[in-house]
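Here's the letter readout for the chains.
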Amino acid sequence: MKTPHILIVDDEPNIVMSLEFLMRKNGYQVGIARNGTEALAAIDQTPYDLVLLDIMMPDVDGLQVCRQLRQRPDRAGTKVIFLSAKSREADVQKGYEAGADLYIPKPFSTRQLMDKVRELLGLAA
């Protein structure tokens, strides 16, 4: 079985570093994008299995990235988890409307995140 490939998209370097460490420690291949534009370019080049996506970013926000990803039939299998400080019900609703598979408000438990990542990738622990 091939190693799942995960794209981490966040403009906050500390979050990127800790998520990258966590994902690599759990055996995943990791790609990094520091904003929405980089994320879309990365998605163009690589068929990721899962995208960990922040919503509030300086250029293209996570909702737009998710919508564009969902319009691509060749990326239909890509799972999207929003990790966002926006935790109001309306924000969560917008995330699901944009096409998210899951919406996890920050701060989040890394154990819970790993459980959800495994679940979405069909690798139940």
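Values in this document were obtained by computation on a predicted structure and should not be read as measured data. (Residues numbered from 1 in each chain as written. Predicted model: local features only at pLDDT ≥ 70, side-chain atom pairs only at ≥ 80, totals over all residues. Heavy atoms only, no water.)

**Brief notes about the pattern of salt bridges**
Link 1 in the chain: Within the structure shown, the criterion is met by ten salt bridges.
Link 2 in the chain: The salt bridge involving Asp54 is made with Lys106; its shortest N-O contact spans 3.3 Å. With Asp54 in the loop between β3 (50-53) and α3 (62-70) and Lys106 in the loop between β5 (102-105) and α5 (110-120), this residue pair connects regions lying 52 residues apart in the sequence.
Link 3 in the chain: Salt bridges here are not isolated pairs; linked through shared partners, they connect Asp44, Arg72, Asp74 and Arg75. (Salt bridge = Lys/Arg side-chain N within 4 Å of Asp/Glu carboxyl O. Helix = DSSP H or I, 4+ residues; strand = E, 2+ residues; numbered from the N terminus.)

**Points about the packing of aromatic side chains**
Link 1 in the chain: In this structure the tally under the stated criterion is two aromatic pairs.
Link 2 in the chain: Both rings, one in Phe82 and one in Tyr103, keep their centres 5.9 Å apart while their planes meet at 55°; by these two values the pair is tilted. Of this pair, Phe82 sits in strand β4 (residues 79-84) while Tyr103 sits in strand β5, and the two are 21 residues apart along the sequence.
Link 3 in the chain: Judged by relative accessible area, which is 6%, Tyr103 ranks as buried.
Link 4 in the chain: Residues Tyr96 and Tyr103 carry aromatic rings whose centres are separated by 6.5 Å and whose planes lie at 45° to one another, so their mutual orientation is tilted.
Link 5 in the chain: Through a chain of ring-to-ring contacts, the aromatic side chains of Phe82, Tyr96 and Tyr103 assemble into a single cluster. (Phe/Tyr/Trp six-rings, centres within 6.5 Å; stacked < 30°, edge-to-face > 60°. Buried < 20%, exposed > 50% of the residue type's maximum accessible area, 1.4 Å probe, protein only.)

**Details of the side chain of Arg75**
Link 1 in the chain: Within the secondary structure, Arg75 sits in the loop between α3 and β4.
Link 2 in the chain: The exposure class of Arg75 is buried, given its relative accessible area of 8%.

**A word on the UniProt feature "domain: Response regulatory" (unreviewed entry) in the protein chain**
Link 1 in the chain: As recorded in UniProt, the sites labelled "domain: Response regulatory" (unreviewed entry) are residues 5-121.
Link 2 in the chain: Annotated as residues 5-121, this span is 45% helix and 21% strand, and its ends, taken at the C-alpha atoms, are 10 Å apart. (UniProt positions renumbered as here; feature names shortened; annotations may be inferred.)

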